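# Examination of the molecular architecture
Here are the chains, one letter per residue:
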Amino acid sequence: MATDMKNKLTIRGLKLWYGDFEALHGIDLDILAGKVTAFIGPSGCGKSTFLRCLNRMNDRIAGCRVEGDVLLEGNDIYAPDVDVVQLRTHIGMVFQKPNPFPKSIYENIAYAPRIHGMVQDGPDMDELVETALRKASIWDEVKDKLQQPGTALSGGQQQRLCIARTIAVQPDVILMDEPCSALDPIATAKIEELMDELKQEYTIVIVTHNMQQAARASDYTAYFYLGDLIEYGETSQIFTAPSNQRTEDYITGRFG
Amino acid sequence: MSDASKSNALRADLRADKRKRRRARADMRFKWYGLTALGLAMLFLVFFFVDIISKGLPAFQQAEILVQVSYSESVKSNYNRAVDKRYRKLISRSWLRTIPMQLEEHPDMIGTTAEQWVLADYRVDQFLKGHEGHKLKKKYQKLVRQLQEEGKVRLAFNSGFFSNGDSKLPENAGILASAVGSVLVLLLTMLFAVPVGVMTAIYLEEFAPDNRFTQLIEVNINNLAAIPSILYGLLGLAIFINFMGVPRSSALAGGLTLALMTLPIIIIATRAALRAVPESIREAAYGLGASSLQTVWHHVLPLAMPGILTGSIIGLAQAMGETAPLLIVGMMAYIPEAPHSILAATTVLPAQVYTWSGESIRAFEERTAAGIMVLLAVLLSLNALAIRLRNRSEQTW
Amino acid sequence: MPEHTLKRFEDELTSLKEKILAMGGLVEKAVRRSMKSVLQVDTSKAQKVIDRDRAINALEVEIDEMTRSMLALRQPAAGDLRLIIATIKIVTDLERSGDLAEGIAEAVLQSEENPLTHTSTIETLADLVIRQVKDALDAFARSDLDAALKCIERDKKVNKLYKAMQRENLTYMLEDPRQITAGLLASTIGKNLERIGDHAVNIAEMVIYMVKGHDVRHVDHKTAAAILSGELDED
């Protein structure tokens, strides 16, 4: 039981179908609170699909069916009485392509707190916006141009703005779907550094194609292959001495 | 050694020989075909404009004659007595007809005389403009020439063209009634087609599951956009007039019929605009816990709005130029007065143009051309508005 | 194990292993030859050992160069990473072993006039150590855990024998002071052999790390075997 307390997300027997195609074959996984967990694996292995199960983004896809349990601190997020919209305020998401709203930087941050009625517009909102931007380490770069469009920022800044936007809702978990795949190495390093800071307060789950990024930025790594979770463990163990041969082959670049 | 020979071979390969020159010439010809086609299209367009403008421009001027008008008591019963018998045939009957009514309204005018510019008969007008087939009798031709020398005949700006409705007398015929009709019909079309079309598109694009039923709807909408417009007239006749009892020839009947015709265009344009909004924006909103309504209303619609407006305006512009379906619902009518309600008999600009083009009197020809010019001006301004909106959408974000 | 998707990396890894084995072969030969020079009192053999040590040193530099560039350019992970890490360590042990063999050869040259008088124990010790080195190299070549464990196991015997040899040597020197020069030579040779054995153990331990990803250094042999057998059961 003591170890269960540390689990933020507990996934048991998760299966997912797209129509008749079974994309995930029963995943069991514990995602620990306050850690960065990376999902790696070749394209089409189901890691992104699995990530999107964690905040029910797959609900939007027609013909997508999920079986099994995903527990957020013991609460089944697929229970019939769960409000999906509210769930996503607890489990936020950052996407592959930086996707700020075509609005001002300030509005990008203020939007979600406003629609959720967290704070009123005015000084409170100003403070919330500043806090979120500070936590995302982008405040110093944008504090003088809060009214400028978010889309005018560089790619890396846009992605940190998106992270700030997610933080503004004060979620428990932040899901990141290949957040650096469109960024240059410097911007990537900044995001990785940011993840390291954010894990003090949030549980972070990241999907990445870049194994080195998983190695650099995560505490735990899960390797997916063809809809199965092959191996899950501490990143340092996975990257020096994986116990499964398929993990070993993938990590060392033996893609067959 | 081999380096040198390789370099020579490369130089030989790069040099233009017969085959390469032939290839270059083929490229050139290809370009010229395109240019020729463009030139031909331009030529037709120029011909059309020159023809229409040269025919239509004179209609914006109208002949007037300076005559002595005596508003005597007897004029009330016989308006022909108001002017000298010599000139009576030169003056438009449509003006003479109005004198008794004027006297009715202003009794103090009775017994006065005045020398004033009055509307000339269309034959005089045509004669003055030098058009063939003016049909002015020889003796009147002489009279007009004489008046001309005395400075008692002039070509003045034809304000009547914009302030009168249709008339059997060309010099009195104007576009006001049909323009007001067009505006009414267009407003009604917009009122029905835009909300219904946009909401349909939003549902299909954002909410509808992808199944046989929605696919069927989709195919049908695409097909509806391509069917001949006259069928919409039949549909409108059956539904709105015969079934729902909307008065024939009314702006309501026309507006509803055109709304039916415009719907698929607006739906298709709106769906395209919604689809052009990147999926990442929706994901961002959903990822932050926005509901479907909030996502669509706050993020998707504002981004799609210029596209929706452009599509709607183009659809409405098409509706504005449409004649065939209105023919069926009885809007090809003779309407001398601007309609006062959406249930009154109404005609529209293109229908008016069509009516005039069928008149046998030569003077209607220039009015037909002038009507086309007005219609074109309105359509071009609508299209310009659409382009402006599109450009703005490309600039902002 | 399937081939590496990057052909050149695969080639580099193969060539790295080959170089280590070549170096190991040279070291093994150096130890054998130095012992022959001791037992046969053959200074030309001793000189050859000293000359050949340069080749071993050159290989060390070359292998270090390779591992450095592979770390920087290939960013190896998992098994590849462990192979390279192990290589970096093994190469040092091999080079030190080579130096120790050279030390034996130098001692032979210095005490040409006073050869060993009692050779049987030291010969046994040398046989054991040479077999240790061979086991370690076999273990590396074939990723053979049994050979590695055998090498580690053998070290106990080597240490026991080394201690016995030193005691024996001491008694000879106490009995007959004329034996002291030869006794000191024997002591040096024995110490070098014992150290070569230790380096062989290091190599064997690195092979175990390379193969299984477990660090069995500084634990006793039983524990090491237990860790490994536990792992072996799982497979």
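Only a predicted model underlies this, so the values are computations on that prediction, with no experimental measurement involved.

Here the focus is the overall build of chain A. Assigned secondary structure in chain A consists of eleven helices and ten strands. Taking 18 Å as the expected radius of gyration for a compact globule of 256 residues, we find that chain A reaches 18 Å, a close match to that expectation. With the C-alpha coordinates aligned to their principal axes, the bounding extent of chain A is approximately 55 × 45 × 40 Å. The contacts in chain A between residues at least 6 apart in sequence include a share of 67% that link residues at least 24 apart. Surface exposure of chain A reaches about 10600 Å², of which carbon and sulfur atoms provide 48%. Counting 25 positive and 36 negative side-chain charges, chain A places the centres of these two groups 4 Å from one another.

All names here are of chain C. As a packed pair, helix α4 (residues 120-142) and helix α6 (residues 180-212) sit with axes 9 Å apart at the nearest point and diverge in direction by 20°. Relative to α6, α4 is oriented roughly parallel. α4 and α6 meet at a crossing whose hand is left-handed. Here Ile122, Leu125, Ala126, Val129, Gln132, Val133, Ala136, Ala139 and Phe140 of α4 lie close against α6, whose contacting residues are Ala186, Ile189, Gly190, Leu193, Ile196, Gly197, Ala200, Val201, Ile203, Ala204, Val207 and Met210. Class assignment of the residues belonging to the contact of α4 with α6 gives a composition of 18 nonpolar, three polar and no charged.

As a further point, take the sheet that holds strand β2 (residues 21-32) of chain A. Residue and element names in this part refer to chain A. Pairing is antiparallel in the open sheet, where four strands are placed in the order β2-β1-β4-β5. Looking along the sheet, the strands with just one partner apiece sit at the ends: β2 and β5 (75-76). Of the strand pairs in this sheet, strand β4 (residues 64-72) and β5 are connected by two bridges, and their pairing is antiparallel. Bridging across to β5, Leu71 finds its partner in Asp76.

A few words now on the packing of aromatic side chains. Inspection of every chain in the model, using the stated rule, returns 14 aromatic pairs over all chains. Aromatic side chains Phe60 of chain B and Phe162 of chain B sit 5.9 Å apart centroid to centroid with 20° between the ring planes, which places their arrangement in the stacked category. Within this pair, whereas Phe60 of chain B is found in the loop between α2 (18-56) and β1 (61-70), its partner Phe162 of chain B is found in helix α8 (residues 160-163), the two being separated by 102 residues in sequence. For Phe162 of chain B, a relative accessible area of 34% gives the class partly exposed. When the centroid spacing of 5.3 Å and the interplanar angle of 80° are considered together, the rings of Phe161 of chain B and Phe162 of chain B count as edge-to-face. By relative accessible area, Phe161 of chain B is classed as buried at 0%. Three or more aromatic residues link up through ring pairs in this structure, and these residues are Phe60, Phe157, Phe161, Phe162, Trp356 and Phe364 of chain B. The cationic tip of Arg65 of chain A hangs over the ring face of Trp17 of chain A; the distance from NZ or CZ to the ring centre is 4.3 Å. The ring of Phe101 of chain A has Arg165 of chain A lying over it, and the distance from NZ or CZ to the ring centre is 4.6 Å.

What follows covers the interface of chain A and chain C. Think of interface size as the accessible area that goes away when the parts come together; that is how it is often given. If you look at the interface, chain A gives 14 residues, while chain C gives 16 residues. Both faces combined, the contact of chain A with chain C buries some 1100 Å², and carbon together with sulfur accounts for 52% of it. There are one salt bridge connecting chain A and chain C. Arg254 of chain A is the partner of Asp80 of chain C in a salt bridge, and the nearest nitrogen-oxygen pair spans 3.0 Å. In this structure, the connection of chain A to chain C is made through seven residue pairs in polar contact (both at pLDDT 80 or more).

With that settled, the discussion passes to the domain arrangement of chain B. Residue and element names in this part refer to chain B. Each domain of chain B was delimited in the assignment, giving domain 1 (60-158) and domain 2 (176-393). The C-alpha centroid of domain 2 is placed 44 Å from the C-alpha centroid of domain 1. With ten residues of domain 1 at the interface, the matching set in domain 2 holds seven residues. Regarding the contact of domain 1 and domain 2, the summed buried area is about 670 Å², with carbon and sulfur atoms giving 52% of it.

Right, let's get into the pattern of salt bridges. This structure, assessed with the given rule, holds 40 salt bridges over all chains. When the shortest N-O distance is used, the salt bridge between Asp30 of chain A and Arg12 of chain A registers 3.0 Å. Of this pair, Asp30 of chain A sits in strand β2 while Arg12 of chain A sits in strand β1 (residues 7-18); the two residues are 18 residues apart in sequence, bridging distant segments of the chain. Where salt bridges share partners, they join Arg60 of chain A together with Glu206, Glu279 and Arg282 of chain B into one cluster.

A few words now on the interface of chain A and chain B. Counting residues at the interface gives 26 residues for chain A and 18 residues for chain B. The tally of links from chain A across to chain B stands at two salt bridges. Across the pair Glu279 of chain B and Arg60 of chain A runs a salt bridge, and its minimum N-O distance is 2.9 Å. The interface formed by chain A and chain B holds eight residue pairs in polar contact (both at pLDDT 80 or more) in total. Looking at the side of chain A that touches chain B, the elements with two or more residues in it are α3 (84-90), β6 (91-94), α4 (105-115) and α7 (155-167) of chain A. Its residues assigned to classes, the side of chain A that touches chain B shows 13 nonpolar, seven polar and six charged.

Before going further, it helps to examine the arrangement of the chains. Most contacts, when the two pairs of chains in contact are compared, are made between chains A and B. There is no contact between chain B and chain C; across them, the least C-alpha separation is 30 Å.

Further remarks concern the nonpolar core. Ile90, Leu94, Ile122, Ile189 and Leu193 of chain C are the most contacted members of the largest nonpolar core, which totals 68 residues. Taken together, the elements giving at least two residues each to this core come down to α1 (7-39), α2 (43-74), α3 (78-110), α4, α5 (145-175) and α6 of chain C. Setting aside residues no more than four positions away along its own chain, Ile122 of chain C makes contact with Met35, Leu116, Met165, Ala186, Ile189, Gly190 and Leu193 of chain C. The next biggest cluster of nonpolar side chains, apart from the first, holds 47 residues, and it includes Val142, Ile163 and Ile174 of chain A together with Ala77 of chain C.

The backbone of Val41 of chain C sits at a positive phi, close to 45°, despite the residue not being glycine. Secondary-structure assignment places Val41 of chain C in the loop between α1 and α2.

Our next topic: the side chain of Glu95 of chain C. Within the secondary structure layout, Glu95 of chain C lies in helix α3. Dropping the residues within four chain positions of it, Glu95 of chain C is found in contact with Met23, Ile56, Asn57 and Glu60 of chain C.

All names here are of chain A. Counting across every chain of the model gives zero disulfides over all chains. Free cysteine Cys180: the closest other cysteine sulfur is in Cys162, separated by 12 Å. Relative accessible area serves as the criterion here: at 7%, Cys180 is assigned to the buried category.

This part is about the pairing of strand β7 (residues 173-177) of chain A. All names here are of chain A. In terms of residue burial, β7 counts as a mostly covered element, since five of its five residues are buried. Because side chains alternate across β7, one face comprises the buried residues Val173, Leu175 and Asp177, and the other comprises Ile174 and Met176, equally buried. In terms of strand pairing, β6 meets β7 through four bridges, oriented parallel. Note that in β7 the partner of Met93 across the bridge is Leu175. Sheet topology note: the β7/strand β8 (residues 203-207) ladder contains five bridges and is parallel. Bridging across to β8, Met176 finds its partner in Ile206. Regarding the hand of the β-α-β motif, the stretch spanning β7, helix α8 (residues 185-198) and β8 is right-handed.

Calculation notes
- Residues numbered from 1 in each chain as written.
- Chains lettered and ligands numbered in written order.
- Predicted model: local features only at pLDDT ≥ 70, side-chain atom pairs only at ≥ 80, totals over all residues.
- Heavy atoms only, no water.
- Helix = DSSP H or I, 4+ residues; strand = E, 2+ residues; numbered from the N terminus.
- Rg over C-alpha atoms; globule rule 2.2 N^0.38 Å.
- Contact = heavy atoms within 4.5 Å.
- Areas by Shrake-Rupley, 256 points an atom, 1.4 Å probe, with all protein chains shown as cover.
- Lys, Arg positive; Asp, Glu negative; His and termini not counted.
- Charge placed at Lys NZ, Arg CZ, Asp CG, Glu CD.
- Axes fitted to C-alpha atoms, helices over the stretch in contact; angles between N-to-C directions.
- Parallel < 35°, antiparallel > 145°, perpendicular 65-115°, else oblique.
- Left-handed = near helix turned anticlockwise from the far one by under 90°.
- Nonpolar A, V, L, I, M, F, W, Y, C, P; charged D, E, K, R; others polar.
- Pairing = 2+ DSSP bridges.
- Phe/Tyr/Trp six-rings, centres within 6.5 Å; stacked < 30°, edge-to-face > 60°.
- Buried < 20%, exposed > 50% of the residue type's maximum accessible area, 1.4 Å probe, protein only.
- Lys NZ or Arg CZ within 6 Å of the ring centre and 35° of its normal.
- Buried area = accessible area lost by both parts, 1.4 Å probe.
- Salt bridge = Lys/Arg side-chain N within 4 Å of Asp/Glu carboxyl O.
- Polar contact = N/O pair within 3.5 Å; in protein donor to acceptor, adjacent residues only side chain to side chain.
- Domains from an automatic or database assignment.
- Core = buried A, V, L, I, M, F, W, Y, C linked by side-chain atoms within 4.5 Å.
- Disulfide = S-S within 2.5 Å.
- Right-handed = clockwise from strand over helix to strand, strands pointing away.

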